[in-house]
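Structural features, examined
Take a look at the letters that make up each chain.
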Amino acid sequence: MNASSAPVASIGDAERPGSTIPAETLLAAWRAFAVVFFSACALAEIMAVILFVGREHRLATRTEWLHRWCRFACRVLGIRVATHGAMPRSGLLVCNHLSYLDIIVLSSIRPCIFVAKRDVAGWPLFGWLAHAAGTIFVDRQRPLATAFAVNRIHAAIATGLPVVLFPEGTSSDGSTVLPFKSSLLESAVQLRCPVAAGTVGYALDHGSVADEVCYWRDMTLVPHLLNLFFKREICSKCSFSYPKIRVGNRKEIARALRDEVVSMRL
C-alpha cells in the first residue's frame, strides 16, 4: 500500500520564472508553513471536538484525529509509505525505533495509541500533538511511573485499539536493533493479548538516512526537522508480523520479539 506523493512536490521541479530563490528553498518554506499552520488547526480541532465527545469514546476520537492528520502530514512532507503485511487492528504492536517520523508513518496507516518516553511531552509542537492524541508517556527512570504506565497500557489495550510500543527505549541510526526493555510488556503478559512485531525503515534518493532521517544521539529537533523539509521525497517501508499470543515471562517475550524484528529487517 503506497501513500500518494506530496502534492507540493511539483514546486521542486523547476525554479519559478524570474525567481532567484532555489526551488528547494521554496519547497522547504512551504512545508515549514504547512506543518506549523495545519498543526495549529489540528490542535484547535481536537480541543473543540473533545468537549462534545463522551469520555468512553475520547481515546478512539483522538486516535482517529491523529490518523487523519498524519496522512495529511505524509503528503505535505513527501513521505511515501509502503507496507508488507497488515498492521494489527488491536492488541500490542512492538516496533524498532528510528525517528519521530515513525509515529507519523505508523499513525498514517491505522489509528493507534503510542507509548513514548517522557521527554517527548516537552518537545515544541510534537509534544502538544502527542498529548492531544492520548499518547502514554513513560518515565523509565522512576519505577513507580513505569508501573503507572503499564496500567495505562493495560487500559488502552482493553479498548480494542492497537497500542504501539518502542521497547528499545530510544531511537537509533538503524544499523542494529537495540536490546528490548521488557517492563512495558507486562500488560501483554497479564492480558494474554495478541502481540505483533513490526519494523520501520526509510530510504532517500540523496542523503544519509542515519544522519538525516534517524533522530538519535544528541541531535536537536528543530534543525533536524528543517533539514527534512528540503528532502524531495522520503520512502518508508513498514513490515508487520501476524499478531499472536506470546508465551513466557516478559523477558522471554522481549527477547523473542527482538529476534523477530531483527529477522524482519534482513
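Heads up: the structure comes first, above all this text.
Residues numbered from 1 in each chain as written. Predicted model: local features only at pLDDT ≥ 70, side-chain atom pairs only at ≥ 80, totals over all residues. Heavy atoms only, no water.

1. Things to note about the nonpolar core
- Tyr-100, Leu-101 and Leu-106 are the most contacted members of the largest nonpolar core, which has 54 residues in total.
- Of all the elements, helix H2 (residues 58-77) adds the most residues to this core, at six residues.
- In this structure, Tyr-100 is in contact with Trp-123, Phe-126, Tyr-215, Leu-221, His-224, Leu-225 and Leu-228, ignoring residues within four places of it in sequence.
- Counting 26 residues, the second-largest nonpolar core is a separate cluster that includes Val-94, Leu-185, Ala-188 and Ala-197. (Core = buried A, V, L, I, M, F, W, Y, C linked by side-chain atoms within 4.5 Å. Buried < 20%, exposed > 50% of the residue type's maximum accessible area, 1.4 Å probe, protein only. Helix = DSSP H or I, 4+ residues; strand = E, 2+ residues; numbered from the N terminus. Contact = heavy atoms within 4.5 Å.)

2. Comments concerning the packing of aromatic side chains
- Taken as a whole and judged by the stated rule, the model has nine aromatic pairs.
- Between the aromatic rings of Phe-37 and Phe-38, the centroid separation amounts to 5.1 Å while the plane-to-plane angle is 80°, which identifies the pairing as edge-to-face.
- You can call Phe-38 partly exposed: its relative accessible area is 23%.
- Between Trp-123 and Tyr-215 the ring centres are 5.6 Å apart and the planes differ by 80°, which places this aromatic pair in the edge-to-face class. Highlighted residues: Trp-123 in the loop between strand E3 (113-117) and helix H4 (126-132) and Tyr-215 in the loop between helix H7 (209-212) and helix H8 (221-229), separated in sequence by 92 residues. (Phe/Tyr/Trp six-rings, centres within 6.5 Å; stacked < 30°, edge-to-face > 60°.)

3. Thoughts on the pattern of salt bridges
- In total, this model carries six salt bridges according to the counting rule given.
- One salt bridge connects Glu-45 with Arg-68, and the closest N-O pair in it is separated by 2.2 Å. Of this pair, Glu-45 sits in helix H1 (residues 23-50) while Arg-68 sits in helix H2; the two residues are 23 residues apart in sequence, bridging distant segments of the chain.
- You can call Glu-45 partly exposed: its relative accessible area is 27%.
- Two residues, Glu-212 and Lys-231, come together in a salt bridge whose shortest N-O distance is 2.7 Å. Here the residue Glu-212 occupies a position in helix H7, and Lys-231 occupies one in the loop between H8 and strand E7 (234-240), the gap between them amounting to 19 residues. Note on accessibility: Glu-212 and Lys-231 belong to one class, buried. (Salt bridge = Lys/Arg side-chain N within 4 Å of Asp/Glu carboxyl O.)

4. Quick notes on the environment of Arg-217
- As for its position among the elements, Arg-217 is in the loop between H7 and H8.
- Judged by its relative accessible area of 59%, Arg-217 is exposed.

5. Examining H8
- Those residues of H8 that sit buried are Leu-221, His-224, Leu-225, Leu-228 and Phe-229. Projected down its long axis, H8 carries its buried residues within an arc of 145°, all on one side.
- Turning to H8, the residues buried within the fold contact H1, H2, helix H3 (101-109), H4, H7 and E7. (Arc of directions from axis to C-beta.)

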